[in-house]
Each structure stands twice: as C-alpha cells, then as structure tokens.
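What the coordinates show
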Amino acid sequence: MKKLDRFILKAFLGPFAAILLIVVFILMMQFLWLYIDELVGKGLGLGVVLEFMFWGGCTILPLALPLATLLASMMTIGQMAEHNELMAIKSAGISLGRVLLPLGAAAVVVSIAAFFTGNDLVPKAFNEIFTLRDDIGRTKEEIKIPSGTFYDGIEGYILRVEDQNKEGMMYSVMVYDHTSGKANTALTIADSAQMKLSKAKDYLTFTLYHGTNYQENNTRAYRDTTLELQHVNFDRQTLIIPLKNYAFEKSDSSRFGSQAKAMRLGDLSHQRDSLRQTTTDAHKRYCAEIRHGSTFFLGDQLDTARNALKERPPFSDEGFCKWKSLKDEISATGRAAEDATRMAGDLNNYGHDLYEPIYYLRRTDIEFFKKFAQALACLLLFFIGAPLGALIRKGGLGTSAIVSVLFFVLYWVVDISGTKLARDGAVAARAGTFISAFVLAPIGAFLTWKAVKDASLFGNDTMASWFRKVTSKLVRLVRPTRIVYMGTPEFAVAPLDALRKNGYKVVGVVTVADKPSGRGLKMNESAVKQYAVANGIPVLQPLKLKDPEFLDALRAWKADLFVVVAFRMLPEEVWRMPRLGTFNLHAALLPQYRGAAPINWAVINGERLTGVTTFMIDKDIDTGGIILRQESRIGPEDTAGEVHDRLMELGSNLVIETVEGLIQHNVETRVQRSFIQGSEVLKPAPKLSKETCRIDWKQPSRTVFNLVRGLSPYPAAWTELVHENGERLPLKIYFGRPVSADKYGPAAPGTLFSDGKSYLAVATSDGALELTDLQLAGKKRLAVRDFLAGFRDSSSFHAE
C-alpha cells in the first residue's frame, strides 16, 4: 500500500467511526423514546435496560452504515479539496479516480460488513428484542400504593391507605381479602402498617399494627338464614401475600426465530421455497376444482389436447348459444348468471385462503432482498458523497453536509416507499427493495463523472439565465415598459402584486440570496422570491451587486425602469442602468426616518403620523429627489405590524402612481430639504439590534409601551425575568398597556405585580406596564391568562 493510500484511508476511517457512533447514538435515543413506555415502572435492572438498548442499537446499524459512509466520504474528499490537498495531488499527475480508489475499496469493505451485519447480527438482535419486549410486557409494574384511593394492583386484594410518610409507614390502612372468591367478606383495618417486598419479588409482607379483622360467614343452611361475623382485635399482625410476575424473568429467545426479521439468509431462502411451494400447490388445486366443477357446461372445451385431436377451436359447438324458444334463452341466461356469481364467490374464497401465505411470502422476499439492498446502498452512497465533496470543495458540517443528508433522505424515503409498495403487493419484492438503488445509481454515476472530469456541478448558463435571455428577445409589436423589481420582505410583495395585476410587464425580480436558518439550517427563501417563483417571474439572487456576472444578467433584461422596495443600497452602475431611472418606495415620510427600520422607529418614538414616499435613488441612502408622498395616521395603540399592513397597501397604490407618472413623463421630483419645516429635527431609523429591543424598566411607562408596540410582532421587545436564586428567563413582550402608579402602588422598576391568574404587570419609573401578550424563550406565544397558568411563582421574580 502506498503512502497516499494510507493517508486517504486514515483521513476516511476517523470521520467514519465518529459519524457512525454519533448516528447510532442519535437513532438509539429515538429507539429508546419509542419504547420508553414499555420500560418505565417495571423495576427493571440496569443490565436489562442496557441489554435492550444494545440489541436496539444493533437493529439500526443497516441504516447507520450507509449514512456514515456517505458523510465520511464527503468530509474526506471535501476537506482535501478545501485545504488544497486535492489540488496538490492532481498537480502531481494523480487523477481523482486514483484518489477515490482506496476509498472505494474501503466502501466495498463497509458494504461487505453491512451484508454480514444484516445477515448475522441483525436477525440475532431482532430475536433478542422480540424476546425482551415479550418478557418485559409480562412483568407487572412495581407496587406503589397511592394515598387516599383504593388500590387493586395486587391480585386478590384491594388496599386503601389514607396517608404515608417517607419512611414507608402507612396510616389508616384497609385491606380487603378477595382470595376466597367472595367480595368484601374479609376486611382488616389497622391504625398503621409497613410493607416489605421480598428480594425475589415473589411475596409481599404486610405488617399491620393496632387493628381489627372482620370475617363474615355467608354460608346458609336450608332453614338457617343467619350470618356469622368474626371480630378479632390485634396489636400486631403479619399478612403474607404471594406475588407472581413482579420480577423480570428472561425466557428462551428461540421463540421468535420464525419471524422474518429474525431469520438469516439460509432460513429465509428455505422459508421462501416452502411458502412458494404452498401457494403453487394451492393454485393447482383451486384450478383443478374450478375446471372439474359443474360451472362449465362444456367442460372438455378447456382441454386443448382434445380440441386439437378433434381439429376444432376451443368453445366451438354446433348447438352452443342456440335455443328453441325465448323461454329457454332466458332460463339459460339465468343459470349462467348464477354460475358466474358462484364462480366469483369461489375465486374470492380462494383469494382469502391464499392471502396469508402470499403475505408472508412477500415479507420473506422483502427481508431476503433487503440484506443485499442495504449493503449495496453503502457503495452507492459512497459514489454520491465523495464526488459531492470534490465538487462543493467543502468538508465541514455546512452546505456539503446538508446536501449529503438530503441525498440520504431521498434514499430513505424511496426505500421506505418501495418497501411499503412491495409489502402491499403493488410491486414485486425485488423491485421494491432495490428501487432506492435504481434511483441512487444514476445520480452517483452523474456526480462521479462530473467530479472525475473536474467539471462544475452546473454550467455557467443556468436554466434561469437561459430563460431570461429568451424572454428578452421576445419583442412585441407594441413594446410595453419593461420593469425589474427589487425587494426582499413581505412588505415588498404587495407592490409587486399590484404591478402584475395592473398589467405592467415585470421582466425580472432581484432579491437576496437564499440563506440557511433554523435548527435544521433549512434554506430560507425571501417572500419576494416565493411570489416570483409562484408566478413564473425570473429571479436573480446576487451575493454582490457589483459582480460582473450579475450586472451582465441584469442588463440582459433590457429594463426601462427599476422599482426598489425594501432592498439593499444599490451601486451607481445598477441604478443608472435603466433609461427611466430607478425609484424606491420608503415606508416613512422622507426626509424623516431614513434607514432600515422606519416603521419600527416611528412607533417607538410615539409618532402620530407616518406614511410612504417614492423617490429617485442617488448615491446616498434615502436622500434622492421625492416623487410622491402619502400620509397615514398611527393610532395610540397601533403596533408596528398594524402600521406595516396599512403602509403596505398605501405603498402599492403609490408605486402604481409613480410608475404611471414616470412612463408618461409627467412627474417632478423635489429635493428632500424642501419638506423640512422650520427647526424640524430629522430622526434616523437605523437597523434594530438586540440591545435596542431590550426594555429598560427605569423608563416611563409610555416610553416602554411605545417600545413594545414598535417592536411587535417582530423582532419583539424583550426582558429577563430574574429569580431569587439567580436563574434568568428571557421573555418577549408583544403587547401591554401602561397604567399609573396609583393602581399597584410605588415599587422599584422591574417589580412584578400579579394575582397568579388574570394579570401580570411590571413596574416602571412612573407606573407599570400590564402585559397582555408574551412568550418565554422556547415556549409558545400566549395571552397573559394562559401564561400565568404555567407561571405561578411570579413573586420570586423581577424583570431586568
């Protein structure tokens, strides 16, 4: 083995082992969560639980090995490409195919190991799992007698304990003895009692103190209807109750050896032959019964040999379907219908008789082929993971890992679907189990070919670029104004929709690039992109607006006008491109509130009036000549979300007016300083930060209230609830109402006021803010009543 091979294998084996352990651990936790209800409350020893988990981990190896092979091969090649090691190897004259050779050999070894694991270890594991589940299911739950209720968990006895302490002493004890088969004829009442379970859990010792035994004799003679009652007092009495199935007992694991999942390849092959022979014999028997039955009027017509001797085609008879009268024809037709119905019933009964052996035959075939399919999946996923690492040139847990996992999810979904179709009989067992291989094989071949040829995953001209070029060449006789729309959030969707509905030609949309977000790092598309894709509008998503490739693609749209709503600052080479210019819709009355968050800041500052403005873009931020403005009132309790929705509608109309005016050349722009009145101070609208959203309870109630509604519903004002022990709970506040200090009295800012049921208020410098809509970190957004239902210890907290 050469040094290069050792180097590559060493780089592969480490991640493979680590990923395999991680995947097995994660799937084992899922396995434990699935069966946790069967394990708890049975008093099982740690050894039993660990054995159950061990065999459970063995059953998930066929799923973990392909995923580990995929990710390990991707990370190995990806890291080599990311650190330029792959480039150095290629510069030495060694091809990628040669680099993949030792990894391919390792993948073959993993596939062979996966086959033997599925054939030898997994059946043993399923056998043990089935046995353990059955034994655990027969084990009764531990005896835990609750206070204040009648407990019937002990066979033949009903007990009631009024109270008990931590030392195990029970008080006011009642014991009903039903072992005689008669209800409530033997009762023991004691002031106190102690219970002790034997080590083997085969009997229970009940020591009772200072009580009375009551025993009724309900036997009656012919003439004697009297009842006898024994009444015996005692100071101490010991009651021994025999127990059964309270201790876990492991049984013989060979009981489930006939299950398909618990059988090795040889056993499955033998069972397949037996079931196939059974179904074949049944088919022959049923065919013979139908053939020789009384249903067919001319039975020998089915004998092809006899028909050949008589040199006549089947079902040819001189008197066939000929009747002397209409009555005979009706009678014959009725008999034929009855015979057909009877035959249909017979065939249906035959189908029911064969359902069970055919069903077990399908399951046996599936398990037989699955042992080969799972081993093959390791090899096929290697030919996806390794080329992906070379093509994406990243080997960490970023984009390449996400793409690899998506391919594994594809394999998993297709495999599950194929197995279900095969189990239901919709497709053959061989096709159902190998359908994932049929899907992965061409993908792996394509990716491997791309990687070996050192080609990029996609060409320079994507389908979207090609579509845009074709669209730009379709010039109509009456050429409409070509508009390119630039925007990102939900606020920008309504103006785009208004442009389309009013008949304007939107030739393309420019929005931000997709970004991974959330715990699963799922690619998040902007609202404008989602709308554009849904309506068939081409989309550009540049990372840099000065990128030459983006500029070329933008010019290819041959736009007459750019419309910008809630987008990034444009470089001069972009906004100067169209002949009619570029204008922007801003959600404020410029020149006030220039910046990224005008709606939020207008509400935070307690403004009563805001609006929307269209202006021509220049080299600075929000400073261009104003085209049109439209005012809108802000109510005293309006949130930023409510103002956002009103301005979105106003902005849509204003965009239509501005576009029409620019096309007709009947608008004039005004410099922004002409709108400044006297000594009016301009207020900025910078981007919101986490510290901006934090509530300072030392501020007046109105200031805090404006901050809360100015940040509602997004990103939401927040504070921290600090417990007396120092625990901190982040809390988002979506709405509240300011109240004066007279309502709750003077208190330090941040003090909580609550009755634990209907209200929760936080003290400010001059009063308090009554919270009505809030959310703890990691919890759902709730109204204050629902919130307090799960947050009762408010007196131990204060807000900071």
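All figures in this text were calculated on a predicted structure; none of them were measured in a lab.

Criteria and thresholds
- Residues numbered from 1 in each chain as written.
- Predicted model: local features only at pLDDT ≥ 70, side-chain atom pairs only at ≥ 80, totals over all residues.
- Heavy atoms only, no water.
- Helix = DSSP H or I, 4+ residues; strand = E, 2+ residues; numbered from the N terminus.
- Buried < 20%, exposed > 50% of the residue type's maximum accessible area, 1.4 Å probe, protein only.
- Contact = heavy atoms within 4.5 Å.
- Areas by Shrake-Rupley, 256 points an atom, 1.4 Å probe, with all protein chains shown as cover.
- Axes fitted to C-alpha atoms, helices over the stretch in contact; angles between N-to-C directions.
- Parallel < 35°, antiparallel > 145°, perpendicular 65-115°, else oblique.
- Left-handed = near helix turned anticlockwise from the far one by under 90°.
- Nonpolar A, V, L, I, M, F, W, Y, C, P; charged D, E, K, R; others polar.
- Polar contact = N/O pair within 3.5 Å; in protein donor to acceptor, adjacent residues only side chain to side chain.
- Right-handed = clockwise from strand over helix to strand, strands pointing away.
- Pairing = 2+ DSSP bridges.
- Phe/Tyr/Trp six-rings, centres within 6.5 Å; stacked < 30°, edge-to-face > 60°.
- Expected span 1.5 Å × (residues − 1).
- Core = buried A, V, L, I, M, F, W, Y, C linked by side-chain atoms within 4.5 Å.
- Patch = residues over 30% accessible without salt bridge, like charges linked within 9 Å, V, L, I, M, F, W, Y side chains within 5 Å.
- Salt bridge = Lys/Arg side-chain N within 4 Å of Asp/Glu carboxyl O.
- pLDDT = per-residue confidence, 0-100.

Concerning the overall build of the protein chain
When its secondary structure is counted, the protein chain shows 20 helices and 24 strands. Counting the 800 residues in the protein chain, one finds 44% classified as buried. The contacts of the protein chain with a sequence gap of at least 6 include a subset with a gap of at least 24, amounting to 66%. For the protein chain, the computed accessible surface area is about 44,100 Å², with 57% contributed by carbon and sulfur atoms.

Re the packing of helix α8 (residues 326-392) against helix α9 (residues 399-424)
Across the interface, α8 lies against α9 with an axial gap of 10 Å and an inter-helix angle of 165°. Judged on the interaxial angle alone, α9 and α8 are roughly antiparallel. Read as a crossing pair, α8 and α9 show a hand that is right-handed. Across from Y359, R362, I366, K370, A377, L381, I384, L388 and I392 in α8, the residues of α9 making contact are S400, V403, S404, F407, F408, Y411, D415, T419, A422, R423 and D424. A breakdown of the residues in the contact of α8 with α9 according to their chemical character gives 12 nonpolar, three polar and five charged.

Observations concerning the environment of D618
Tracing the backbone shows D618 in the loop between β15 (609-616) and β16 (626-633). In this view, D618 contacts W575, T623 and G624; residues no more than four positions away in its chain are not counted. Only 2.9 Å separates the side chain of D618 from the side chain of T623, close enough to count as a polar contact.

Structural notes on the pairing of strand β7 (residues 482-487)
Among the six residues in β7, six count as buried, and that is most of the element. On β7, burial covers both faces: R482, V484 and M486 on one face and I483, Y485 and G487 on the other are all buried. Read from β7 through helix α12 (residues 493-501) to strand β8 (residues 505-510), the crossover connection turns out right-handed. Bridge count between β7 and strand β12 (residues 561-565): five bridges; the pairing is parallel.

Some thoughts on the side chain of N706
Note on placement: N706 falls in helix α18 (residues 701-710). The exposure class assigned to N706 is buried, which follows from its relative accessible area of 9%.

Remarks on the packing of aromatic side chains
Following the criterion strictly, the structure yields 16 aromatic pairs and no others. Residues F12 and F16 carry aromatic rings whose centres are separated by 5.6 Å and whose planes lie at 20° to one another, so their mutual orientation is stacked. Residue F12 and its partner F16 are both found in helix α1 (residues 3-39); the two are separated by four residues, about one turn of the helix. No difference in accessibility class separates F12 from F16, as the two residues are buried. The interplanar angle of 35° and the centroid separation of 5.3 Å between the aromatic rings of F115 and F372 together place this pair among those described as tilted. Of this pair, F115 sits in helix α5 (residues 96-138) while F372 sits in helix α8, placing them 257 residues apart in sequence. We classify F372 as partly exposed; its relative accessible area is 34%. Three or more aromatic residues joined by ring pairs form one cluster here, namely F115, F116, F368, F369, F372 and F434.

Regarding the sheet that holds β12
Here seven strands make up an open sheet; going across it, the order is β11-β8-β7-β12-β13-β15-β16 and the pairing mixed. With partners counted over all chains shown, the strands left at the sheet margins are β11 (539-540) and β16, one partner each. Of the pairings in the sheet, the one linking β7 to β8 comprises five bridges and is parallel in character. Bridging from a neighbouring strand, M486 pairs with V510 of β8.

Examining the sheet that holds strand β5 (residues 203-217)
Spatial ordering of the open sheet is given by β1-β2-β3-β4-β5-β6, a layout of six strands whose pairing is antiparallel. Either end of the sheet is taken by a strand with one partner, and the two such strands are β1 (150-151) and β6 (228-242). Relative to β5, strand β4 (residues 186-197) is paired through 11 bridges, and the arrangement is antiparallel. If you follow S192 over to β5, its bridge partner there is Y209.

Points about helix α6 (residues 265-291)
Here α6 is 27 residues long and its end C-alpha atoms lie 38 Å apart, about the 39 Å a rise of 1.5 Å per residue gives. Listing the buried residues of α6 in full gives L265, L268, R272, L275, T279, A282, Y286 and I290.

Thoughts on unusual backbone geometry
Cis rather than trans, the peptide bond between L590 and P591 has omega equal to 15°. With respect to the secondary-structure elements, P591 resides in the loop between β13 (582-586) and β14 (594-595). Here the amide bond leading from S712 into P713 is cis, since omega sits at 10°, within 30 degrees of zero. One non-glycine residue, S172, lies in the positive phi region at around 55°. By secondary structure assignment, the location of S172 is in strand β3 (residues 169-177).

Digging into the nonpolar core
Membership of the largest hydrophobic core comes to 73 residues, with the highest contact counts inside it found for Y485, L499, V563 and V659. Once residues lying within four places of it in the same chain are set aside, the contact partners of Y485 are A492, P495, L496, L499, V506, G508, V509, V510, V563 and V565. L9, A64, F408 and L440 belong to the second largest nonpolar core, which has 65 residues in total.

With respect to helix α13 (residues 527-534)
Turning to α13, its buried residues number three or more, namely A527, V528, K529, Y531 and A532. Next to the buried residues of α13 lie β7, α12, β8 and β11. G536 sits one or two positions beyond α13 and adopts a positive phi of about 70°.

Focus: a nonpolar patch on the surface
A contiguous nonpolar patch, built from V405, V409, W412, V413 and I416 and spanning about 390 Å² of accessible area, is present on the exposed surface. With respect to the secondary-structure elements, V409 resides in helix α9. Overall, V409 belongs to the partly exposed group, its relative accessible area being 37%.

Notes on the pattern of salt bridges
Tallying each qualifying case throughout the model produces 22 salt bridges. Put simply, D339 and R342 hold a salt bridge, and the shortest N to O gap is 2.4 Å. Within this pair, D339 and its partner R342 are both found in helix α8, separated by three residues, close to a single helical turn. For D339, a relative accessible area of 19% puts it in the buried group. One salt-bridge network, in which partners are shared between bridges, spans R694, E720, R728 and E800.

Looking at the confidence of the model for the protein chain
Confidence along the protein chain averages 82 in pLDDT terms, with 86% of residues attaining 70 or more. Segment residues 459-477 is flagged for pLDDT under 50; beyond a separation of four residues in sequence, or across chains, it makes 14 contacts in the model.

Focus: the environment of T185
With respect to the secondary-structure elements, T185 resides in the loop between β3 and β4. When its relative accessible area of 6% is taken as the criterion, T185 is described as buried. Along the sequence, T185 and L229 sit 44 residues apart, while their C-alpha atoms lie 9.2 Å from each other.

Focus on the pairing of strand β22 (residues 767-776)
With nine of 10 residues buried, β22 lies mostly within the body of the structure. Of the pairings in the sheet, the one linking strand β21 (residues 760-763) to β22 comprises three bridges and is antiparallel in character. Paired with A761 across the two strands is E770, which belongs to β22. Linking two consecutive strands that pair antiparallel, namely β21 and β22, is a turn of three residues. Where β22 folds back onto strand β23 (residues 782-783) in an antiparallel hairpin, the turn is made up of five residues, including G778, whose phi is positive at roughly 80°.

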